[in-house]
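Residues per chain, in single letters:
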2 protein chains.
Amino acid sequence: MRQSEPQPRPDGRQSPTALAVQRGVLRHLAAHGVVGVTEFSLASGRRADVLALDGRGEISIIEIKSSVQDFRTDGKWPEYRAFCDRLLFAVPLGFPVEILPQETGLLVADAFGAELLRPPPRHALPAATRKALTLRFARTAANRLAALHDPDLLRLDI
Amino acid sequence: MRQSEPQPRPDGRQSPTALAVQRGVLRHLAAHGVVGVTEFSLASGRRADVLALDGRGEISIIEIKSSVQDFRTDGKWPEYRAFCDRLLFAVPLGFPVEILPQETGLLVADAFGAELLRPPPRHALPAATRKALTLRFARTAANRLAALHDPDLLRLDI
């Protein structure tokens, strides 16, 4: 038996610009020893664009804004602070970064990488929240990975 | 930009029988709300065939034995107990299960699923070990998932 060939499909929710930024952000994270899961469902019901986990267990959320309108229509981004130690925006080259809040980190990205223009302040998670998020992160990533290798595997609602 | 198409390749280390059992085990786990990562590198340097994580954060190791010889030549399986709450063997149909130790769980599997013939006893992990294993599990799964979507992403040595 050969391993099944993964057949992922773009989900159609994201613009090409957002997908390029997402890829660049994940490459940037990996180059710094950090892993990221995209479209991560939080216990609140919202989805974070990228939830990132470093080698010490610290959690960052990276919100991708592909356009000014994309940022202006999102009034709820401060809610993400309750689910991370650090909150950052990631935007494409040419985005008017001066409209973004100063109290968040800032990554500027293209499809090939990203640069950290402003480090995010740290607001440490409670231990119980970190534990629950890490477990959810682990289960989300592993279920997606297994489902790519075996399309008939059950997708869990994590 | 479209998302890259994952291009995983069989790594050649496993027999067709072991791969079939692995797939059946992962399907069995998913059907019970449990996620698994294959070929999981432990801090000891050994690799567990499957590390499984349930919704409460409990960790199982499932060792796949595709043949009697495969079991006879592994004298080190008891070492896995230090890295899990529960230890199981998974074997193909027709394996002489009476040669396996009674103090481990037992799954009999084919490529389409598995049946739990003997539930594993629980030996709870210390909290610090569980925390470290969960983090390693999360980072391993997420890095593999991201690398499937982007072959140029850095593979981390987790």
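- An unreviewed UniProt entry annotates chain A as DNA repair protein MmcB-related protein originating from Xanthobacter agilis.

### Comments concerning the overall build of chain A
(1) Moving on: Within chain A, the regular secondary structure consists of three helices and six strands.
(2) Moving on: Reading chain A from its N terminus to its C terminus gives the helix and strand order α-β-β-β-α-β-β-β-α.
(3) Moving on: Relative to the globule expectation of 15 Å for 158 residues, the C-alpha radius of gyration of chain A, 16 Å, shows essentially globular dimensions.
(4) Moving on: Each of the three principal axes of chain A carries a C-alpha extent, and together these read 55 × 35 × 30 Å.
(5) Moving on: Counting across all 158 residues of chain A, residues that qualify as buried make up 55%.
(6) Moving on: The contacts in chain A between residues at least 6 apart in sequence include a share of 53% that link residues at least 24 apart.
(7) Moving on: Charged side chains of chain A number 21 positive and 18 negative; the gap between the two group centres comes to 3 Å.

### Things to note about the pattern of salt bridges
Residues and elements named next belong to chain B.
(1) Moving on: As enumerated under the stated definition, the model contains 18 salt bridges over all chains in all.
(2) Moving on: E39 is the partner of R47 in a salt bridge, and the nearest nitrogen-oxygen pair spans 3.2 Å.
(3) Moving on: Of the charged contacts in the structure, one is a salt bridge between R46 and D74, with a shortest N-O distance of 3.7 Å. In this pair, R46 sits in the loop between β1 (35–41) and β2 (47–53) while D74 sits in the loop between α2 (68–72) and β4 (86–92), placing the two residues 28 residues apart along the sequence.

### Considerations on the nonpolar core
(1) Moving on: Ranked by size, the top nonpolar core spans 58 residues in total, and within it L42, I61 and F137 of chain A together with L42, I61 and F137 of chain B carry the most contacts.
(2) Moving on: Not counting residues within four places of it along the chain, the set of residues in contact with F137 of chain A comprises V35, G36, V37, F40, L51 and L53 of chain A together with A138 and A142 of chain B.

### Remarks on the environment of S44 of chain B
Residue and element names in this part refer to chain B.
(1) Moving on: Checked against the element boundaries, S44 lands in the loop between β1 and β2.
(2) Moving on: Note on S44: relative accessible area 45%, which makes it partly exposed.
(3) Moving on: Sequence spacing of S44 and V34 is ten residues, and the spatial spacing of their C-alpha atoms is 24 Å.
(4) Moving on: At 3.3 Å, the side chain of S44 forms a polar contact with the backbone nitrogen of R46.

### Comments concerning the confidence of the model for chain A
(1) Moving on: Summing up the model confidence of chain A, the mean pLDDT is 93 and the portion of residues at 70 or higher is 92%.
(2) Moving on: For this predicted complex, the interface confidence score (ipTM) comes to 0.92, while the overall pTM stands at 0.92.

### As for the side chain of D54 of chain A
(1) Moving on: Structurally, D54 of chain A is set in the loop between β2 (47–53) and β3 (59–64).
(2) Moving on: Engagement of the side chain of D54 of chain A in a polar contact is seen with the backbone nitrogen of R56 of chain A, the distance being 2.9 Å.
(3) Moving on: Of the polar contacts made by the side chain of D54 of chain A, one reaches the backbone nitrogen of E58 of chain A; its length is 2.9 Å.
(4) Moving on: With sequence-adjacent residues up to four places away left out, D54 of chain A is seen in contact with G33 and V34 of chain A together with L135 and R139 of chain B.

### So, the pairing of strand β5 (residues 105–110) of chain A
All names here are of chain A.
(1) Moving on: Within β5, five of the six residues are buried, which leaves it mostly tucked inside the rest of the structure.
(2) Moving on: Relative to β5, strand β4 (residues 86–92) runs parallel, the two sharing five bridges. Bridged to V91 within β5 is V108.
(3) Moving on: Bridge count between β5 and strand β6 (residues 113–118): five bridges; the pairing is antiparallel. Note that in β6 the partner of L106 across the bridge is R118.
(4) Moving on: Turn length for the β5-β6 hairpin, with the two strands adjacent in sequence and antiparallel, is two residues.

So, how was this worked out
Residues numbered from 1 in each chain as written. Chains lettered and ligands numbered in written order. Predicted model: local features only at pLDDT ≥ 70, side-chain atom pairs only at ≥ 80, totals over all residues. Heavy atoms only, no water. Helix = DSSP H or I, 4+ residues; strand = E, 2+ residues; numbered from the N terminus. Rg over C-alpha atoms; globule rule 2.2 N^0.38 Å. Buried < 20%, exposed > 50% of the residue type's maximum accessible area, 1.4 Å probe, protein only. Contact = heavy atoms within 4.5 Å. Lys, Arg positive; Asp, Glu negative; His and termini not counted. Charge placed at Lys NZ, Arg CZ, Asp CG, Glu CD. Salt bridge = Lys/Arg side-chain N within 4 Å of Asp/Glu carboxyl O. Core = buried A, V, L, I, M, F, W, Y, C linked by side-chain atoms within 4.5 Å. Polar contact = N/O pair within 3.5 Å; in protein donor to acceptor, adjacent residues only side chain to side chain. pLDDT = per-residue confidence, 0-100. Pairing = 2+ DSSP bridges.

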